[in-house]
Amino acid sequence: MSTTVGAHYISEKISQVRWLPEKLTQSERFVTGTWDMDTNFVRVWRLYANPYAENVEHTPRCNDKMAIEGDVTGIEFINDDTFAVGCNDGRLSLFNVHRAVEEDQIRRTAHSERLHYYKCSQANAPCTGISVYGTDIATVGEDGRLNVLSANNLRQVKRTIEADSMSLLATSFVNQNQVVTANRMGVIRLFDVRTASDGQPTISFMAASQDSKSSNFVSAMVTHPMQQHILICGSEEGSITVWDMRHLNFPASYLSAHKTSITDIGFHRQDPSKLFTAAEGGEMWMWSDNKHLIDASQTDSSSAWLAGDRLRSLVNVDGILTNIRKAINSFDVHGSRLICGSDSEAVYIINDV
Amino acid sequence: MTEDTVSHFEIGDTLAMRCGNTLTASFVPGGSKLALSAYRPVKWNTPDAPSESAGEEPVLIYMAQETTLYTEPLLRSLLAETNATFATLQVLGQGPKGDAKKTAEYIKISRTYRSIIRCCLEKLEHAKQSPEIQENEAIKQRHADAILTFYAIECLWHLFEILYMQQQHNQLIVTQLLEWTRFHYPNTEDAATDLLLMAEEASECESYWDTLKALIMLGQLDVTRAILSQHRKFNQTAFQTADLVLKSMPVYQDGYAMQKFCSQWEYWHVDLERKLAAHVFATEPELELLMQLVSGSNEHWDAALMKSHDWYEFLPGYLLFTRPACKPFELRIAASNWINRWSGLRPNWEMTQLSRMVMQLMEHDIKLFIYESQKLGDSHWFATHLIDLIYHTGHLKSYFDQQHIDLPSLRFSMIFDYGSYLMTSHNLWQLGIDYLDCCKQEGLAAIELLLPRIPLKSERQAFKIIAMAKERGLVNVEQSICKVLSKRAYSDQRYGNALEWAMRSKDVLLVTAIADFILKHYSNTGVMLCPDVITSIGARMFVSPRLVFLSKYFEFYELYRQRDFLSGAELLINLLASKITPDYFWPSLLIDALPLLESEDPKIFSKETIAILQHLEMELVPLIERNKLNTAKFNNQSSKTVFSDYRVENVEEILDLMRLACARNLSRAMIIENTALAM
C-alpha cells in the first residue's frame, strides 16, 4: 500500500474542505471554503480521472461556486447533501448540493440572522467554529457567544449562551445536550444547551501547557466517534491533550506533538483507530492505534487515548504531509482518501492512507 | 525606515504652480503608493481667504487604481506554485556548487518553472471560453494581457534554457532551437496534421505546397516526408529522389566525431546542389522549390521569408540547412546576419519587445535582456526568478564579471522588491514573506515593517501573523499586534478579551492599565468585570504587579462570596501586607475588612488586627492627608483626586468606623486567644 500525494493549485487560500458524504462508494466530490480573498467562495469540486499524468490519478475540477460575504470559518455536513457554512460576518448559511451527471450544483437554501456581534459597537463578530450533532448546529464566535440552532429553521435560534468574555476558538458537541467550547486562554467549558438549563457552564477545565506563563489557546477539539467521553484537543503550542469527560480533575493524556499550533484535528470517519492532526507549519500527521499492544479483553476504558504516559507507546505516528511550509487549515478523510486545504493555495489529495 | 530617509520630490502640476503652491510627494514605504502634500507659504499676516482661483478652475483628481496582472485570480496559482519551486531552488543552492549532477537539477527547476507557466496558460485559455469572461470586456482584456505576457515569458525562458542553461561539450543547439520554434509556431503543425488526415486527397488541397514549404523552413523533415509520400505522383523519380535527399540528410548524434559529421554533411549538401543543377526536379516546379530551400538557396529563402510572422521564426530552419553544427557562440553572428537580411526585406518593420528580447538572447546581450525583462509588466516575476536561477547555476558568472554587474546584489534587490510587492498586495503576504526571508537583515527589517501593516480581519488571521513573527524572532511585531487587538477590544468594552491580548503582548503598562480599569470599576460599582477570565489567569499574572493584585483580590472576593471567611481573612491580611495595593484601592480593601472585624465570632487574630490598624494609620491616613492637600491646591480639579467614588465625602467617618471595629475585634480576639492559652 503506497501513499500517493497529488497537489492541485486552485488560486485560493482554503480554510475549509470536506468530502461529500457517500455511503457505499469512495467520495469523488468535495466542497471548499476560502478565506482572505477579495471575494470568498464556497465551491464544489469533482475528481476526474487524469489520463495524462503518471503519478496523479485524479484532477479536481470546480463544478459550481457561490460567493459568500466573508471568510469561511466552518463547513460541516448535516445530511448527505446539506451542509452548514460558518462565516466571518457572524452568520450561518445552509447550502444544498445537487449531485448531477454532468455538473454538480450548489445553492444557498437558508441564511441565519446575525448570530455573533459585539454588544457595544454592534459590529459583526466573526463566527469561529461550528459543530453539528444530528440536525443541531452549534456556533461560537469572537464575541464569546455560543448559539445552538436547528438546521430545520435557521431563522430561530434555539439557545444563546454568553459563554465567555473572551473569543471562543472551537466548539464540539459531546452529546445531544452538551457542548464544549474552548477560548483563547485554553479554558474549555462544558455547557448544557437544553432550553431548560440555566446557561451556566457545568464545568470548566484548562488545557495543559508547557509554559504556564504564556497563553496557550485550544484551536481544535474532537470527541471520539465511538467513545464520546473521550475529548481530544489540539493547542497553540502544538500539543494534544486528551480528557476523559467522566474524570475531569486532570487530563487523561498529554502529548507534545507539532512544533506549531494545531489547526485541525479529527478521526477517520469510518475507522476510529486513526486520528489526524494538521498544523500551522504545514504538517499533517496520522496517529494510529498499535493494535497488537492493546489487550482486547479489557473494557472500553482501555482506549489507548486514555492511557496517560503509556500513550506514546500505544500509538504510531506517521507524517503524511511534511514540509508544505504553509499552514494546512483543514482536512477531511473519506475511505482511503485524505484531502487537505492549505494556505499555499493548493489542495492535496492523498490516496491510500 | 525613518522619516528622513524617505525622499520628497516635487510634482510639476501647472494649476498648483500658478497658485503659488508646491505639490510634493513621497513614496509610502513598502508599496507603490504616493503620499501627496501641497505647500504654500503662509505667514501670520496672510489673509485667511479663499484663493483667487478657488472655484474657477476645477481641480481634477484621478484616483489611479493599482492594476496588475495578478488581479486575475487564475494567476494566483502561478505565484503560489512558483513560490514552492523558488523555495526548492534555495534549498538546492545551499549544497556544494558546480557539480554536473546539479546542472541537471537546475535544468529540472527551469523546466518546472516553464511547466507552471504553460499549465497556467492552459488554464487561462480554458477559462477564456466561459461565458463569465466572454461577457465582461474588462476581464476579457485582462485575460488577453495575461496570456500575451506569460506566453512571451515562456518563449524567452525556453530560449534562455537552450542557450545558457546547458553546458555540454560539443553542444549543438539547432535541434533544440527547432523544438523551440515548433512549440511557438504551432499553426503549421496543425495544418500538417490536417493534410495527413486527408491522405491521398491532400495533394489537391490548395495549401498543400505552402504548408510543405513552411514545414521545411521549420526544419520538420519527417513530417514533410510523410506528407510528400501521400502525393499521387509519389512513385515518380523526382519525388523518390527528393524523399531520398531528405532521408539521407546527416543528423548529428552524440559521440560522433564532429569532423566526420561535417564532411558527411558537406558531401550531402554538394550532392543536392549537383542534383538541382542537373534539373532532376525540373518536372515538378513546386518540388524543386522545396529542394532549393533545403539546399539553402538565398534567393528562394528571401522569397519565402516574406510570409513569416517574426524574424526568428525560420532562423533555426535556415541554420539546419546551412550550418547544422552551429554552436551558441556562432549563433550570435548568424542571428545578426539574419536579422539584417530580414529587416532589409521589410523596411517598415518595427521590432516588438518580444522579438527584440529574442535577439538580445541570441546575440548574447544578457545585460540588455535583463533590463528589458523588467519592463514586461509582470511585476518582475520573470526577472526575479530568472536572475535567481542564473545566480544559482553560476554559468554566466564570468559574463557578469566582465560586464561589471554585481550579480548577487542584483538578485538580492530583485528578490527584495518582488517580496515586498507580494507582501503589500492582493493578500499575497504569505507568499511574499518567503522571498524576503532570502534577504538577510534587510529582508527581516522589511518583514518587521510590513507584517503589522496587514489588515487584521479576524483573530485567526492575527494568530497566523503572530506565528510568522514568532518564527522570525520579531518580538516587537508580535507585541504590537497583540496591543492593537487589545486596544480594539478595550474600546469595544470587551474587557476580558482586552486583558488577555494585553497579557499576550507582555506589555506591563497596558496590562496595568486594564487591570486598573477593572479594579476601579469594581470599587465604583461593586461589579467585577469578566470574572471568568480573571479566574483562569493562573501563572500568567506575573506580567504586572497590578495583575497579581487583581487576581489575588479576586481570589479573596470569591472566598468571601463562598463564605469561607477564615481563608478570606488570611488572604486579605496578606494583600494588605503585600505593598502592591494601588492607592485608589485602599479604602475598598479596608472596608472589605470591616465585616470580618465586626463578626460575632472573630475571624481575624489579634496580631493581624494590629497589622490592619497599622496599615490604616500608616497608609490610609497619610493618603487622605495627601489627598486633602491636593484638593486644596487644585480646588477646581477635584476629579483628579485619588478617591473619586462615593466614599470620598464620608472618608473620615469610615476611618472612625474602622478604628472602632479594630478596637472591638482586638479586644474580642485577645480574650479568646488568651482564654485558649489558659485552657
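Reading guide: rules and limits
The residue numbers shown here count from 1 along each chain, following its written sequence. Whichever chain is written first is A, and whichever ligand is written first is 1; the rest continue in order. At least 70 in pLDDT is required for a residue's local features to be given in this predicted model, at least 80 for side-chain atom pairs to be given and counted, and no such filter applies to totals for whole chains, interfaces and linings, which use all residues. UniProt positions are given in the numbering used here, feature names are shortened, and annotations may be inferred rather than shown by experiment. In DSSP terms, a helix is any run of H or I states spanning at least four residues, a strand is any run of E spanning at least two, and both are numbered starting from the N terminus. The quantity called the radius of gyration is restricted to C-alpha atoms. Its globule counterpart is 2.2 Å times the number of residues to the power 0.38. Between the buried cut of 20 or more and the exposed cut of 12 or fewer other C-beta atoms within 10 Å of a residue's own C-beta lies the partly exposed class, and all C-beta atoms are placed from the backbone. Each residue gets a C-beta atom placed from its backbone, and two residues are in contact if those atoms lie within 7 Å. To get an axis, fit a line to the C-alpha atoms, keeping to the stretch in contact for a helix; angles then go from 0 to 180 degrees between the N-to-C directions. Working rule for handedness: look at the near helix, and if it is turned counterclockwise from the far one by less than a right angle, call the crossing left-handed; if clockwise, right-handed. Charged residues are taken to be Asp, Glu, Lys and Arg, nonpolar residues to be Ala, Val, Leu, Ile, Met, Phe, Trp, Tyr, Cys and Pro, and polar residues to be all remaining types, Gly included. At least two DSSP bridges between two strands are needed for those strands to be called paired.

Labelled according to an unreviewed UniProt entry, chain B appears under the name Nuclear pore complex protein Nup75, originating from Drosophila mojavensis. You can read under Subcellular location (unreviewed entry) in the UniProt record for chain B the words "Nucleus, Nuclear pore complex".

In its Subcellular location (unreviewed entry) section, UniProt records this for chain A: "Nucleus".

Asks: Would you mind going over the overall build of chain B with me for this structure?
Replies: Summing up its helical and strand segments, chain B has 32 helices and three strands in all. For chain B, the C-alpha radius of gyration of 42 Å lies well beyond 26 Å, the compact-globule estimate for 679 residues. Its C-alpha atoms give chain B principal-axis dimensions of roughly 145 × 80 × 55 Å. Per-residue burial for chain B yields a buried fraction of 32% across its 679 residues. Here the contacts in chain B between residues at least 6 apart in sequence split such that 59% fall between residues at least 24 apart.

Asks: Can you help me understand the overall build of chain A in this one?
Replies: Each helix and strand counted, chain A has one helix and 28 strands in total. By the compact-globule yardstick of 20 Å for 353 residues, chain A fits well, its C-alpha radius of gyration being 20 Å. Along the longest, intermediate and shortest principal axes, the C-alpha atoms of chain A span 55 × 55 × 35 Å. The buried share of chain A, reckoned over its 353 residues, is 52%.

Asks: Would you mind going over the packing of helix 18 (residues 381–393) of chain B against helix 20 (residues 407–424) of chain B with me for this structure?
Replies: The packing of two helices is summarised by the inter-axis angle and the distance between the axes. Residue and element names in this part refer to chain B. Contact geometry for helix 18 and helix 20: axes closest at 9 Å, N-to-C directions at 145°. Classified by chirality, the crossing of helix 20 by helix 18 is left-handed. Taking contact as the criterion, the partners of Ala383, Thr384, Ile387, Asp388 and Tyr391 in helix 18 are, on helix 20, Leu407, Pro408, Leu410, Arg411, Met414, Ile415 and Tyr418. Broken down by class, the residue content of the contact of helix 18 with helix 20 amounts to nine nonpolar, one polar and two charged.

Asks: Is there a simple way to think about helix 25 (residues 495–505) of chain B in this case?
Replies: All names here are of chain B. Helix 25 sits mainly inside the fold: eleven of its eleven residues count as buried. Regarding helix 25, the residues found buried are Tyr495, Gly496, Asn497, Ala498, Leu499, Glu500, Trp501, Ala502, Met503, Arg504 and Ser505. For helix 25, the elements touching its buried residues are helix 24 (475–491), helix 26 (508–525) and helix 27 (531–535). In the segment just after helix 25, Lys506 is the residue with positive phi, at about 60°.

Asks: Would you take a moment to explain the sheet that holds strand 1 (residues 4–9) of chain A for this structure?
Replies: Strands in a sheet are paired, the pairing made by backbone hydrogen bonds, and the direction either parallel or antiparallel. Residue and element names in this part refer to chain A. The strand order across the open sheet formed by four strands is 1-28-27-26, and the pairing between neighbours is antiparallel. Because the sheet does not close on itself, it has two edges, and the strands there are strand 1 and strand 26 (328–334). Averaged over neighbouring strand pairs, the angle between their axes works out to 15° when direction is ignored. By the bridge criterion, six bridges tie strand 26 to strand 27 (residues 337–342) in an arrangement that is antiparallel. The residue of strand 27 that forms the bridge with His334 is Arg337.

Asks: How should I be thinking about the environment of Val193 of chain A in this particular structure?
Replies: All names here are of chain A. Note that Val193 resides in the loop between strand 16 (187–192) and strand 17 (203–206). Overall, the presence of 21 C-beta atoms within 10 Å leaves Val193 in the buried class. Sequence-wise, Val193 and Lys158 are 35 residues apart; in three dimensions their C-alpha atoms are separated by 8.9 Å. Excluding its chain neighbours within four sequence positions, the residues that come into contact with Val193 are Val148, Arg159, Asn177 and Val179.

Asks: Got a minute to help me understand the interface of chain B and chain A in this structure?
Replies: It is common to give the size of an interface as the accessible area lost on bringing the parts into contact. Between chain B and chain A, the residue contacts involve 33 residues of the former and 34 residues of the latter. Residue assignment for the side of chain B that touches chain A shows that the elements contributing at least two residues are helix 2 (74–93), helix 23 (459–471), helix 25 and helix 27 of chain B. Looking at the side of chain B that touches chain A, the element that brings in the most residues is helix 2 of chain B, giving seven residues. Among the residues forming the side of chain B that touches chain A, the class breakdown is eleven nonpolar, ten polar and twelve charged.

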